[in-house]
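These are the residues of each chain, in order.
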Amino acid sequence: MWRARAAAVCVVCQSLANSSYGVKGKSPLQKLHLVSRSIYHPHYTSSKFQRPPLRTSIQQFSSLNRLPLRKTKLLSVKYGYLPRRNFWVARLASRLLKLRYLVLGSAVGGGYTAKKTYDQWKEMLPDLSDYKWIVPDFIWELDEHIDFEKFSKALPDAEDLAKLLPDFDKIGESLSSLTGFFSPGSQGETAFRATDQGYENDKQYKKGLLGELILLQQQIQQHEEEARRAAGQYNTGSPQQKRKVSDKEKIDQLQEELLHTQLKYQRILERLEKENKELRKLVLQKDDKGIHQRKLKKSLIDMYSEVLDILSDYDASYNTQDHLPRVVVVGDQSAGKTSVLEMIAQARIFPRGSGEMMTRSPVKVTLSEGPHHVALFKDSSREFDLTKEEDLAALRNEIEIRMRKSVKEGCTVSAETISLNVKGPGLQRMVLVDLPGVISTVTSGMAPDTKDTIFSISKAYMQNPNAIILCIQDGSVDAERSIVTDLVSQMDPHGKRTIFVLTKVDLAEKNVASPNRIQQIIEGKLFPMKALGYFAVVTGKGNSSESIESIKDYEEEFFQNSKLLKTCMLKAHQVTTRNLSLAVSDCFWKMVRESVEQQADAFKATRFNLETEWKNNYPRLRELDRNELFEKAKNEILDEVISLSQVTPKHWEEILQKTLWERVSTHVIENIYLPAAQTTNSGTFNTTVDIKLKQWTDKQLPNKAVEVAWETLQEEFSHFMTEKKGKEHDNIFDKLKQAVKEESIKRHKWNERAEDSLRVIQHNALEDRSISDKQQWDAAIHFMEDTLQSRLKDTESVIEDMVGPDWKKRWLYWVGRTKEQNIRNETKNELEKMIKCNEDHAAYLANDEVTTVRKNLEAKGVAVDPCLIKDTWHQVYRRHFLRTALSHCNLCRRGFYYYQRHFVDSELECNDVVLFWRIQRMLAITANTLRQQLTNTEVRRLEKNVKEVLEDFAEDSDKKVKLLTGKRVQLAEDLKKVREIQEKLEAFIEALHQEK
């Protein structure tokens, strides 16, 4: 039975093999269906016939006929021919079987593609785990109000569901049979491979792009291949083919279609990016307003920028060089560096000038994403809204002011870096440094070393082996005039980290006679300089008032109509600043990932060296940097100022009274007491004293008292500031304390109204002549004796200096007198004889008395000048007067009784004692008044001034560096900076790994 059936099937197969299928001649068995070929034919052995050769004239037509076919491994079969019979039923059955497998294959392929599309859309969805707070709480409590078990019981069982599902075993068998249909390189397999490859590429490039972009990419590739193939056939064909206009038109048509497809792809990409930007902006705005309490993490680029800012301030005393990547923008002056940077930042943020050097110092620009398009400086909290023209103008003005401040006198450019952060939705994250433009000639108004300074600044940034060099070349001028290309070639000869940008391509296309020259520049064949990539951009029409959006529209319009793209001299991915920004950002982050860990290890080693040195040199001291030392010194200074307010009133009054009398005693003795003592009676004495005291009080005394009080306050403040506190004293604070003291005293001003109130008090004190008790009388006599004895001692010292040593000192110390001293000694002796003759002599010598003394000295052989006689007389009479006053003061010790009776019926007059009592009482009252003003007002004002000075010094880093010096301070400062750099680098590396 089985043999009969097999024979029947073989007859059917032979009839199918003998049928032509629409092709002349007999078709080989190879062209039968897969199922028919797999049947075993026992009636015909392989020895009875040979396999016919394949016919190349037969083709299988398909929409994927350009894809390569792959061979499949077939079962071993024995070929043979059957008699030709017209079995139309068998033919119809075979075709239906073939149709079934095609349907099944399409279903399986569609399911596979649907699964891929589902996964792709699933990855596009954001992570909404942080937004669970939006769902109301009652949703999560539904299980308490609704019985979900009833719903689960109402649902069909698993067995019922299994009946509804297709038979997956049969589908698997059909899929295994389809592997034979999709031969090696066949249409089906190639389609799947293209889908997978496109999906992977799309996933790696940018998640969230739709399938339309993938199809456009494939169309672009097909158009490029067709254009190249057609162009090659046209260029390499015979002269007859080149004459055909149709071929040339076909090439132009293909190029036109390629350009339109590229522009369409670009527009769709921009539209999707714009939608993505708006969505991200909304999310960031919600976070910024704090709708839900979630702490925002600092972005990667902000963390990286902080590390670069610290490194810029770090003095590499231990040769730890800064090799962290940043994008260095270099170019000739007016080549368009700043314009390219503004297009990347999407704002006109830099000052502009026609042909004038505007970039005078490096500007570090950190680009990052944010909800609002704003800019702010590193050392300022003000945010500039880049969407408002007023803020843009203010930002440009601030940058220009900072540049001019950084330039020292006599220089044109500065190496000091200005740090600027720009945030906005859709900005590519990177760090760029805009350098001053390279010049070939120093013009008038520039410093002679301007050219060399610019070269040294540019080389300092480019010699970093991880720095990305963005070389800007002006396309509107001759390439041979460029200087920057040679400089870049020296710093990066192999072009491993250089990106070349040709600006002003619109002007270059108009002015350059041969467009091939632009193609040679972009292909890197004109310059010896090598680069990673070459780009051509347009940065506007040269009008400084153009907006970024208008420049973008002009750039897109230009390249859409440019012959450079239509003739394939430039490729679509090499034009527009947008593509440039994406390429630079990718290169920047690639360089960061490759080098940041190496830099972290280098700073880790430096930190170990610094810590070892500190332990060996300062084992018992804390590692306080300059700021921490300043805070410690600040607390000590404030404690000392507080100690100033704790000085006792008695101490203040004693110091003030003593210092004030030392200051005014000479005036009292010489201008008040001595002239009054020359009078003949007590009434004249008192009148003279009153007049002199009134004049002194009105003009000099209050001012002198305030000066004494201010000097006393300074001395006490200096005493507390400079007082050493044993082992705890730290010499490192001495310069800072001295500077704080001087600046505080300089700022302090005594209250001007104090003199007026003090004048009234002093005048009332001096008018009082009533001594109430014997104790006050004795105190006045004691004060008078001390004063007169002090003056007498000073006068005798002056006389001794005038006449030289006496006979005892000459014998004991073997010293002699000079000729002038001998003359003065003779003059003194002669004047003393005159005073002995008349002890009540007046204070001044008459002219005849001077002549008499001179003649007496000439008689002794001593020639004397009259001025010398008068000068000597002043000191001799002064000594005589002070001795007489002291003896009179001793007599007045028992004169208090007569004073109470107003010296009635008494020859003793003690008016000089009353004068000194008035002076003493005035000094006590003045000291008390000044003490009150010091403790209540001036000490507090001085404390306020000290705090202001400390606050000013705290904000002035240069001042702290100048006042807090030494190896210990510098070592602690370096150690702190290295630790901070290492910690921030490690945090950045951790965040970088998490982002991966």
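Here the structure is a predicted model, which means the values were calculated and not measured.

Novice: If you had to explain a nonpolar patch on the surface to someone new, which residues and values would you point to?
Specialist: A cluster of nonpolar residues, L812, Y813 and V815, forms a patch on the protein surface that exposes about 340 Å² of accessible area. Locating Y813 in the fold gives a position in helix α30 (residues 807–813). Owing to a relative accessible area of 59%, Y813 belongs among the exposed residues under this scheme.

Novice: Mind laying out unusual backbone geometry, listing which residues take part and the relevant values?
Specialist: In this model, Q346 sits at a positive phi of 60°, which is unusual for a non-glycine residue. You can see Q346 is positioned in the loop between α14 (337–345) and β2 (363–368). Taking the relative accessible area as the measure of exposure, Q346 reaches 23% and is therefore partly exposed.

Novice: Pulling in residues and values, what's your account of the pattern of salt bridges?
Specialist: This structure, assessed with the given rule, holds 38 salt bridges. Note that D434 and K337 form a salt bridge whose closest N and O atoms lie 3.5 Å from each other. In this pair, D434 is assigned in strand β6 (residues 430–434) and K337 in helix α14, connecting sequence segments 97 residues apart. For the pair D434 and K337, a shared accessibility class is recorded, and that class is buried. Taking the shortest distance from any N to any O, the salt bridge between E820 and R824 comes out at 3.7 Å. Linking E820 with R824, this pair stays in helix α31 (residues 819–837), spanning four residues, or about one helical turn. With a relative accessible area of 48%, E820 lands in the partly exposed category. The exposure class of R824 is buried, given its relative accessible area of 11%.

Novice: Any chance you could break down the sheet that holds strand β1 (residues 327–331) for me, citing the residues and the numbers?
Specialist: Each strand in a sheet pairs with another by means of backbone hydrogen bonds, the pair being arranged parallel or else antiparallel. Sheet architecture is open: nine strands sit in the order β4-β3-β5-β2-β6-β1-β7-β8-β9, paired in mixed fashion. Each end of this open sheet is capped by a strand with a single partner; those strands are β4 (384–385) and β9 (533–536). Of the pairings in the sheet, the one linking β1 to strand β7 (residues 468–474) comprises five bridges and is parallel in character. Paired with V329 across the two strands is L470, which belongs to β7. In the packing of helix α17 (residues 484–491) onto the sheet, contacts are made with β1, β7 and β8 (498–503), and the angle to β7 comes to roughly 160°.

Novice: Could you give an account of a negative patch on the surface, with specific residues and numbers?
Specialist: Together, E948, E951, E955, D956 and D958 give the surface a local cluster of negative charge. Sorting elements by how many residues they give to the negative patch places helix α35 (residues 911–955) first, with three residues. Tracing the backbone shows E948 in helix α35.

Novice: Report on the environment of F783, specifying residues and quantitative values.
Specialist: Tracing the sequence through the fold places F783 in helix α29 (residues 774–803). Taking C-alpha positions, F783 is 9.7 Å from I919, a pair spaced 136 residues apart along the chain. Sequence-distant contacts of F783, defined by excluding residues within four places in its chain, comprise W661, F916, I919, Q920 and L923.

Novice: Describe the packing of α31 against helix α32 (residues 847–859), listing the residues and the values that go with them.
Specialist: Axis separation between α31 and α32 bottoms out at 10 Å; the angle between their running directions is 130°. Classed by the angle they form, the pair α31 and α32 counts as oblique. As for the relative orientation of α31 and α32, their crossing is right-handed in sense. On α32, the residues that touch E826, T827, E830, L831 and M834 of α31 are E849, V853, N856 and L857. In the contact of α31 with α32, the residues fall into four nonpolar, two polar and three charged.

Novice: Please provide a residue-by-residue account of the pairing of β9, values included.
Specialist: In the case of a regular strand, side chains alternate between the two sheet surfaces. Burial along β9 is two-sided: the residues G533 and F535 and Y534 and A536 are all buried. Direction of pairing for β8 relative to β9: parallel, over a ladder of four bridges. Residue pairing for β9: I499 is matched across the bridge by G533.

Novice: Report on the state of the cysteines, specifying residues and quantitative values.
Specialist: Applying the stated criterion across every chain, the model contains one disulfide. Disulfide pairing places C892 opposite C910 at an S-S distance of 2.1 Å. Residues C892 and C910 are joined through a disulfide that is left-handed, its torsion about the S-S bond being -100°. Here the residue C892 occupies a position in the loop between α33 (866–891) and α34 (896–900), and C910 occupies one in the loop between α34 and α35, the gap between them amounting to 18 residues. The same class applies to C892 as to C910, namely buried.

Novice: I'd like a description of the confidence of the model for the protein chain, backed by residues and values.
Specialist: Looking at the protein chain as a whole, its pLDDT mean stands at 75, while 69% of the residues score no less than 70. Per-element confidence in the protein chain ranges from a low mean pLDDT of 36 for helix α2 (residues 34–37) to a high of 92 for β1. In this model residues 1–84 is a low-confidence stretch, pLDDT under 50, and it forms 112 contacts with partners more than four residues away in sequence or in other chains. Scored below 50 in pLDDT, residues 237–245 shows seven contacts in the model against residues more than four places distant or in partner chains.

Novice: Report on the packing of aromatic side chains, specifying residues and quantitative values.
Specialist: A complete count under the given rule lists 14 aromatic pairs for this structure. On the numbers, 5.3 Å between centres and 75° between planes, the contact of F588 with W589 is edge-to-face. Each member of the pair, F588 as well as W589, carries the same accessibility label: buried. Plain terms: the ring middles of Y673 and F881 are 5.5 Å apart, the flat faces sit at 55° to each other, and that makes the pair tilted. Here the residue Y673 occupies a position in helix α24 (residues 649–677), and F881 occupies one in helix α33, the gap between them amounting to 208 residues. Assessed through its relative accessible area of 2%, Y673 is described here as buried. Members of the aromatic cluster, joined through ring pairs, are W661, Y673, F783, F881 and F916. Against the face of F377 rests R402, its NZ or CZ located 4.0 Å from the ring centre. Over the ring of F630 we find K960, and its NZ or CZ is 5.6 Å from the ring centre.

Definitions and limits used
Residues numbered from 1 in each chain as written. Predicted model: local features only at pLDDT ≥ 70, side-chain atom pairs only at ≥ 80, totals over all residues. Heavy atoms only, no water. Patch = residues over 30% accessible without salt bridge, like charges linked within 9 Å, V, L, I, M, F, W, Y side chains within 5 Å. Areas by Shrake-Rupley, 256 points an atom, 1.4 Å probe, with all protein chains shown as cover. Salt bridge = Lys/Arg side-chain N within 4 Å of Asp/Glu carboxyl O. Helix = DSSP H or I, 4+ residues; strand = E, 2+ residues; numbered from the N terminus. Buried < 20%, exposed > 50% of the residue type's maximum accessible area, 1.4 Å probe, protein only. Pairing = 2+ DSSP bridges. Contact = heavy atoms within 4.5 Å. Axes fitted to C-alpha atoms, helices over the stretch in contact; angles between N-to-C directions. Lys, Arg positive; Asp, Glu negative; His and termini not counted. Charge placed at Lys NZ, Arg CZ, Asp CG, Glu CD. Parallel < 35°, antiparallel > 145°, perpendicular 65-115°, else oblique. Left-handed = near helix turned anticlockwise from the far one by under 90°. Nonpolar A, V, L, I, M, F, W, Y, C, P; charged D, E, K, R; others polar. Disulfide = S-S within 2.5 Å. pLDDT = per-residue confidence, 0-100. Phe/Tyr/Trp six-rings, centres within 6.5 Å; stacked < 30°, edge-to-face > 60°. Lys NZ or Arg CZ within 6 Å of the ring centre and 35° of its normal.

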